[in-house]
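# Survey of secondary and tertiary structure
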Amino acid sequence: MNILEECTNLKQILKSFIRENAAATAVAFAMIVPVVVGSAGMAVDMSMAYMVQKRLSHALDAAALAAAAAAKTDDDVYAKVNQFFYQNYPSQKIGATYDLNIQIVGEDILVSAKADYDTSFSRLLGVDQMTVAANTRVTREILGLEVALVVDVTGSMSTNNNIGTLKTASRAFLDTLCKDEYCSSLVKIGIVPFSAAVNVGPYGLGKNPDGTTYDTAFVNNSYGTSFDQSKSTKWWGCVLARTTPQDTENYETGWKWDMYRNPYNSNKNSGCNKSYILPLTSSYWDISNKIDTLYASGNTLSNLGMVWGYRVLSPEAPFREGASWSDKKVRKVALLMTDGDNNIGGGSSSYSGYGPWTTLRLTDHDLDEKLAQTCENMKEEGITIYTVTFTSGINNSTKDYFRNCASNPGNYYDAPEQADLINAFIAISRELSNIHIKE
Amino acid sequence: MMKTLFHNWIRNEDGVAVLEAAMLFPVMLVLLMGVFDLGNGITLSAKTITSSQIAADLVSRNRSIDPTELNDLIEGAKLAFEPYGTSSFGIDIVSIRFDEDQNPEVLWRETRNMPQNDAAVASVAGLAPEGEGIIIVTVQYGYEPMFSKYFTDDIDFSEVAFARGRRSPTVTWGG
């Protein structure tokens, strides 16, 4: 068939269509109209429902992120999610939202919601409503970190210049958390040196080291003395423990501590280590200088160091720098390090943070049990605990106590050598710097 | 005579099919074009939502923001409209801080190609305590339907997204 014939053919077909009188097009069209309109309408409704879902999931994302970033307590989370969800998805927008469900699982915030879209076209086919659902999961970021370094400055730390190693380790710890000699305001570090007692320094009488007012005095000054470490007649800053069980507890209104006054020595401060507490601070140089002044002397009462670490981290008096317990954005961490087993000494002229030994006649085991109780109390409040035993002279019982004190066995480090201590401190500080967001 | 001719013409059945086709064709065409425009409209409306949320989210990731970063993220918000043109894209980004009366106080604002959306800023009054902040992003997009433009004006889509700074209560201006 050549082109010409083809054309003639087409011409004929066209001619017959024009003259066609069967009127079939309208009938056929009438039959397919519902199908065409229906499917077009369905397509429109589907894209509308898709749009509703998009708005829903965006609103949920924004709400969950806002809650994760801003909320401190669980109630805050509910409030923030609600606020931001309805702000981003106001009721006048297409699609009625319902079933906004908020769950908090550990550090995660799970939010889900549904929306009903009233169809425009599909209702002709009997579909009145389309329901869309969306959900999102956001992990709350830990933004703040508060660390209490509870470090052993007992006499034995002067052996082999172990105190020097502790300073090196602590500086490495500080430099990991505070890069370039600057601590973010989100990172706070406090230092609690301990030996036979804990030295609260000038803070006990309500003063800062520079003499300005710190807070309410929390040490009974029944001797009418003042804080002055240069004179043996004055008070060097050490305090006695409160009675059991308050020597393992944080604080209750009205608590005050008694001064350490050794009756067996002409120097009432005998056995008191001059290194005193540094409350939580973000000042790099305050922390660094405190590390430099650590000095070794005295017996080992690690439970007293730990309970003061607890008090430094807590938001309550006597040291109130810590964030509120309910503030989920801040992680509180205590690092307890010792180079010896608990040792109260004992004997007729023995004196410690528990006063004259002859009064209570505590054993080293009592101290271990008090340490265990303090750790339990701290962990119950949500404090993460790391423990380090340093030197090869630690007995297995102490190691067990320290392992149990740590939040989990992985948080316990045994450091027989000096290099191990430095490595342990670096490992812990790296782990800590990973859980908070860097600026 | 005339009457008979007219009568015959009315009764003439030749060409009914083509006549029907000619009558139905516009109906089909309008239907098709309507669905096309409507579909595009819905897509663009969804893109407007996405765009506003993208911009709000990107701003909220910063503690402070400088003009270069702001430019980049506005470009990012525009990308949400791909492959549609962005000549009618308008954006109003406001970072607010709540004052002691919980009223929003504008820390900085960047408005391009649209009027400032003060209603959105006013709508957050009383939402959070002093010191808290909110990022408010309004994206506006004027859609000119390809076919329906002969019957209707441009359709303006406008979406507002609210976000809270992820790293700090407020996002400050670092320009």
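What comes next is a walk through the structure. (Residues numbered from 1 in each chain as written. Chains lettered and ligands numbered in written order. Predicted model: local features only at pLDDT ≥ 70, side-chain atom pairs only at ≥ 80, totals over all residues. Heavy atoms only, no water.)

The next thing to look at is the overall build of chain B. Assigned secondary structure in chain B consists of four helices and six strands. Looking at chain B as a whole, 41% of its 175 residues qualify as buried. Sequence-distant contacts, at least 24 apart, represent 67% of the contacts inside chain B between residues at least 6 apart. Counting only carbon and sulfur atoms, one obtains 58% of the accessible surface of chain B, whose full area is about 9,200 Å². (Helix = DSSP H or I, 4+ residues; strand = E, 2+ residues; numbered from the N terminus. Buried < 20%, exposed > 50% of the residue type's maximum accessible area, 1.4 Å probe, protein only. Contact = heavy atoms within 4.5 Å. Areas by Shrake-Rupley, 256 points an atom, 1.4 Å probe, with all protein chains shown as cover.)

Right, let's get into the sheet that holds strand β2 (residues 108-118) of chain A. All names here are of chain A. Ordered in space as β1-β2-β3, the three strands form an open sheet in which the pairing is antiparallel. Two strands close off the open sheet at either side, each with one partner strand: β1 (96-105) and β3 (129-139). Sheet twist, expressed as the mean angle between neighbouring strand axes with direction ignored, is 15°. Where β1 meets β2, eight bridges bridge the pair, whose relative direction is antiparallel. Each residue of the ladder has a partner; that of Gln103, found in β2, is Leu110. Along the sheet, helix α3 (residues 74-88) contacts β1 and β2; its crossing angle with β1, the most-contacted strand, is approximately 150°. (Pairing = 2+ DSSP bridges. Axes fitted to C-alpha atoms, helices over the stretch in contact; angles between N-to-C directions.)

For the rest of this paragraph, the subject is the packing of helix α2 (residues 16-60) of chain B against helix α3 (residues 67-79) of chain B. All names here are of chain B. One way to put it is that α2 packs onto α3 with a least axis distance of 8 Å and a crossing angle of 155°. One finds that α2 runs roughly antiparallel with respect to α3. In the crossing of α2 with α3, the sense of the turn from one axis to the other is right-handed. Counted together, Ser51, Ile54, Ala55, Leu58 and Val59 of α2 and Leu73, Gly76 and Ala77 of α3 form the full contact between these two elements. Its residues assigned to classes, the contact of α2 with α3 comprises six nonpolar, two polar and no charged. (Parallel < 35°, antiparallel > 145°, perpendicular 65-115°, else oblique. Left-handed = near helix turned anticlockwise from the far one by under 90°. Nonpolar A, V, L, I, M, F, W, Y, C, P; charged D, E, K, R; others polar.)

With that settled, consider the environment of Arg167 of chain B. Relative to the helices and strands, Arg167 of chain B is located in the loop between β5 (155-163) and β6 (172-173). Once the C-alpha coordinates of Arg167 of chain B and Ser60 of chain B are considered, the two residues, 107 residues apart in sequence, prove to be 7.8 Å apart.

This brings us to the interface of chain A and chain B. Residue-level contacts link 39 residues of chain A with 37 residues of chain B. Taking both partners together, chain A and chain B bury about 3,300 Å²; carbon and sulfur atoms supply 64% of that area. It is Phe29, His58 and Gln87 of chain A that lose the most area in chain A upon contact with chain B, and together they represent 17% of the buried surface on that side. The salt bridge partner of Glu132 of chain B is Lys80 of chain A, with a shortest N-O separation of 3.9 Å. Scanning the region where chain A abuts chain B turns up six residue pairs in polar contact (both at pLDDT 80 or more). Of all the secondary-structure elements, those providing two or more residues to the side of chain A that touches chain B are α1 (3-19), α2 (24-70) and α3 of chain A. (Buried area = accessible area lost by both parts, 1.4 Å probe. Salt bridge = Lys/Arg side-chain N within 4 Å of Asp/Glu carboxyl O. Polar contact = N/O pair within 3.5 Å; in protein donor to acceptor, adjacent residues only side chain to side chain.)

Residues and elements named next belong to chain B. Strand order in the open sheet made by the four strands is β3-β2-β4-β5, with antiparallel pairing throughout. Two strands bound the open sheet, and with one partner strand each, they are β3 (104-112) and β5. If you compare each strand with its neighbour and ignore which way they point, the axes differ by 15° on average. Bridge analysis of strand β4 (residues 133-143) against β5 gives nine bridges, and the strand direction is antiparallel. Residue pairing across strands places Val137 opposite Ala161, the latter belonging to β5.

Here the focus is the state of the cysteines. Two cysteines, two sulfur atoms, one covalent bond between them: this is a disulfide. Residues and elements named next belong to chain A. Enumeration according to the criterion identifies three disulfides over all chains in this entry. Here Cys375 engages in a disulfide with Cys405; their sulfurs sit 2.0 Å apart. Between Cys375 and Cys405, the disulfide has an S-S torsion of -80° and is therefore left-handed. Remark: Cys405 occurs in helix α9 (residues 396-405) and Cys375 occurs in helix α8 (residues 364-380); sequence separation between them is 30 residues. For Cys375, a relative accessible area of 1% translates into the label buried. Given a relative accessible area of 1%, Cys405 falls into the buried group. In chain A, the bonded cysteines, numbered by position in the sequence, are linked as 1-2, 3-4, 5-6. (Disulfide = S-S within 2.5 Å.)

Attention shifts here to the pairing of β3 of chain A. Residue and element names in this part refer to chain A. Burial of β3 is one-sided: the residues Met130, Val132, Ala134, Thr136 and Val138 facing one way are buried, the residues Gln129, Thr131, Ala133, Asn135, Arg137 and Thr139 facing the other way are not. Across 11 bridges, β2 lies against β3 in antiparallel orientation. Note that in β3 the partner of Val111 across the bridge is Thr136.

Below, the discussion takes up the packing of aromatic side chains. All names here are of chain A. In total, this model carries 25 aromatic pairs over all chains according to the counting rule given. Judged by centre distance (5.1 Å) and plane angle (80°), the rings of Phe85 and Tyr86 are edge-to-face. Classification of Phe85 by relative accessible area gives buried; the value is 0%. Taking relative accessible area as the criterion, Tyr86 reaches 40% and is therefore assigned partly exposed. Ring geometry for Trp308 against Phe319: centres 6.2 Å apart, planes inclined by 75°, an arrangement best described as edge-to-face. Here Trp308 is found in helix α6 (residues 302-313), whereas its partner Phe319 is found in the loop between α6 and β11 (330-338), with 11 residues between them in sequence. Positioned above the aromatic ring of Tyr89 is the side chain of Arg55, whose terminal nitrogen or guanidinium carbon lies 5.7 Å from the ring centre. Its guanidinium or amino end placed over the ring of Tyr276, Lys290 lies 3.7 Å from that ring's centre, counting from NZ or CZ. (Phe/Tyr/Trp six-rings, centres within 6.5 Å; stacked < 30°, edge-to-face > 60°. Lys NZ or Arg CZ within 6 Å of the ring centre and 35° of its normal.)

Now for the side chain of Ser95 of chain B. Residue and element names in this part refer to chain B. For Ser95, the position within the fold is in strand β2 (residues 89-98). Under the relative-accessibility criterion, Ser95 is labelled buried at 1%. Excluding residues within four positions of it along the chain, Ser95 makes contact with Glu105, Val106, Leu107, Trp108, Ile134, Ile135 and Val171.

Moving on: the pattern of salt bridges. Inspection of every chain in the model, using the stated rule, returns 21 salt bridges over all chains. Taking the shortest distance from any N to any O, the salt bridge between Asp414 of chain A and Lys399 of chain A comes out at 3.3 Å. Taken together, the positions of Asp414 of chain A in strand β15 (residues 412-415) and Lys399 of chain A in helix α9 put the pair 15 residues apart, joining distant regions of the chain. The partly exposed category is assigned to Asp414 of chain A, whose relative accessible area is 34%. Between Asp92 of chain B and Arg109 of chain B there is a salt bridge, and its shortest N-O distance comes to 2.9 Å. With Asp92 of chain B in strand β2 and Arg109 of chain B in strand β3, this pair connects stretches of sequence that are 17 residues apart. Because the salt bridges share partners, they merge into one network encompassing Arg55 and Lys93 of chain A together with Glu159 of chain B.

Residue and element names in this part refer to chain A. What α9 keeps buried is the set Thr398, Lys399, Tyr401, Phe402 and Cys405. Looking straight down α9, one finds that the buried residues subtend no more than 160° of arc, so they occupy a single side. Away from its buried face, by an angle of more than 90 degrees, α9 presents the exposed residues Asn396 and Asn404. Packing partners of the buried residues in α9 comprise α6, β11, α8, β14 (384-390) and β15. (Arc of directions from axis to C-beta.)

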